[in-house]
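If you want the building blocks of each chain, they are given just below.
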Amino acid sequence: MSFPHAVKLVEVGPRDGLQNESQIIPTATKIEFINRLSETGLPVIEATSFVSPKWVPQLADASEVLRGIDKKKDVEYTVLVPNLKGLKQAMLAGATSIAVFTSASETFSQKNTNCTIAVSLERIAAIIAHAKQHQLIIRGYISCVLGCPYEGKINVAQVVTLTHALFQMGCSEISLGDTIGVGTPFKTKSMLEQVFQKVPVESIGVHFHDTYGQALANIYAALQEGVTTIDSSIAGLGGCPYAQGASGNVATEDILYMLDGMGIETGVNMEKLLNVSRYISQVLKRPPASKVGLALAL
């Protein structure tokens, strides 16, 4: 059994983690949060999203946040953009790395972006065409790859088709998201094997929610398949405003503990990471939703 010797962790806490919080987090606190994450050795931090404040009021300060953080040369700060307007706002704020998104579920696409999958791909094509002209790094997200809160089971062929489409459009990396956390290791393995028939493993990342406690097991299965990019959220923050019942993302601390134990390199410092976990948990006035964070707090 062989595993990658190194893995890239993509920290999504500042965006995916905070977007579902009911209390509005002050801009200065978000900036401090990202600055602290920048000191941990994390190579990629998803800083914010340039979506409409009407839909996600928590991220209405996207421009101020992106402009305000202390950017480290060895850290990639990516931002989510839903359309050309969001892309242009992001570029004005200094974005050099963006993420686009669609869904493997038609119903979820309607709930999340008020458009069909086909229309979402048209929007993405326009975003990528513009982003390429300015040499931006482009990442893609596909939601609901292992299940949908509205449709239930998802046809893997749909996931393969969408992943291949984003890859051909110009996404250097596509993150496959188990948005409601219903995946299991065998389902994860089967999906990835089919995706890899169309897209190289080097271009695939995974994004697991831990609703049923399967996230680490699914990540282990993905590692066995050769995946070297894993999305995670500090303190297990997050959820999805359009996926009722979906609990938070898998905690960065828990993934790091597993990877360290497997001898897989990440470049991330656990002690510094736990300090950031405690910081944001204190801001939100609740304990971290991570096994490692809770165990070391005892």
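Coordinates for the structure precede this section.
1. Describing the nonpolar core
Phase 1 of the analysis: F33, V79, I98, L176 and M191 are the most contacted members of the largest nonpolar core, which totals 81 residues.
Phase 2 of the analysis: The element that contributes the greatest number of residues to this core is helix α11 (residues 270-284), accounting for 7 residues.
Phase 3 of the analysis: Apart from residues lying up to four places away in sequence, M191 is in contact with V145, L146, V156, V159 and L176.
Phase 4 of the analysis: Core analysis: the second largest hydrophobic core is formed by 7 residues, V44, L80, A99 and Y141 among them.

2. Let's talk about the packing of helix α8 (residues 185-195) against helix α9 (residues 215-224)
Phase 1 of the analysis: Relative orientation of the contacting elements α8 and α9 amounts to 35°, with a least axis distance of 8 Å. Relative to α9, the crossing made by α8 is right-handed. For the pair α8 and α9, contact is made by P185, T188 and L192 and by A217, N218, A221 and A222, respectively.
Phase 2 of the analysis: In terms of residue class, the contact of α8 with α9 is built from 5 nonpolar, 2 polar and no charged.

3. As for unusual backbone geometry
Phase 1 of the analysis: With a phi close to 60°, C144 is a non-glycine residue in the positive phi region.
Phase 2 of the analysis: Locating C144 in the fold gives a position in the loop between β5 (137-143) and α7 (156-169).
Phase 3 of the analysis: Located in the positive-phi region is A235, a residue other than glycine, with phi close to 60°.
Phase 4 of the analysis: Relative to the helices and strands, A235 is located in the loop between β8 (229-232) and α10 (252-261).
Phase 5 of the analysis: By relative accessible area, which is 2% here, A235 ends up buried.

4. Observations concerning the pattern of salt bridges
Phase 1 of the analysis: All chains considered together, the criterion is met by 11 salt bridges.
Phase 2 of the analysis: D16 is the salt-bridge partner of R15, the closest N and O atoms lying 3.9 Å from each other.
Phase 3 of the analysis: Residue class for R15 comes out buried when judged on its relative accessible area of 7%.
Phase 4 of the analysis: Residue classification places D16 among the buried positions, given a relative accessible area of 5%.
Phase 5 of the analysis: In this structure, D61 and K30 form a salt bridge, with 2.9 Å as the shortest nitrogen-oxygen distance. One end of the pair, D61, is in the loop between β2 (44-49) and α3 (62-68); the other, K30, is in helix α2 (residues 27-38), with 31 residues separating them in the sequence. Grouping residues by exposure puts D61 and K30 together as buried.

5. Observations regarding the pairing of strand β6 (residues 173-178)
Phase 1 of the analysis: With respect to burial, β6 is a largely interior element, 6 of its 6 residues being buried.
Phase 2 of the analysis: Neither face of β6 is left uncovered, since the one carrying E173, S175 and G177 and the one carrying I174, L176 and D178 both have all their residues buried.
Phase 3 of the analysis: In this structure, β5 lies alongside β6, joined through 4 bridges in parallel fashion. Looking across to β6, one finds that R139 is bridged to E173.
Phase 4 of the analysis: Regarding the hand of the β-α-β motif, the stretch spanning β5, α7 and β6 is right-handed.

Each value, and the rule that gives it
- Residue numbers restart at each chain and count upward from 1, following the sequence in its written direction.
- Local features in a predicted model are, by the rule used here, given only for residues with pLDDT of at least 70; side-chain atom pairs are given and counted only at 80 or more, and totals for whole chains, interfaces and linings are based on all residues.
- Based on all heavy atoms of the structure, the side-chain values leave hydrogens and waters out of the count.
- Each nonpolar core is a collection of buried residues, namely Ala, Val, Leu, Ile, Met, Phe, Trp, Tyr and Cys, held together in the definition by side-chain atoms within 4.5 Å.
- Burial status follows relative accessibility: with a 1.4 Å probe on protein chains alone, a residue under 20% of its type maximum counts as buried, one over 50% as exposed, and anything between as partly exposed.
- Secondary structure elements follow DSSP: runs of H or I of four or more residues count as helices, runs of E of two or more count as strands, with numbering from the N terminus.
- Contacts between residues were defined by any pair of non-hydrogen atoms, one from each residue, lying within 4.5 Å.
- Whenever a helix is involved, its axis is fitted only over the stretch in contact; in every case the axis is a line through C-alpha atoms, and angles between N-to-C directions fall within 0 to 180 degrees.
- The crossing is said to be left-handed when, going from far helix to near helix, the turn is anticlockwise and less than a right angle, and right-handed when the turn is clockwise.
- Gly falls in the polar group here, along with every residue not listed as nonpolar (Ala, Val, Leu, Ile, Met, Phe, Trp, Tyr, Cys, Pro) or charged (Asp, Glu, Lys, Arg).
- Salt bridges are defined by distance alone: a side-chain nitrogen of Lys or Arg within 4 Å of a carboxyl oxygen of Asp or Glu.
- Two strands pair under a simple rule: DSSP has to find at least two bridges between them.
- By definition, the crossover connecting two strands over a helix is right-handed if that path, from the first strand to the second, turns clockwise as seen with the strands pointing away from the viewer.

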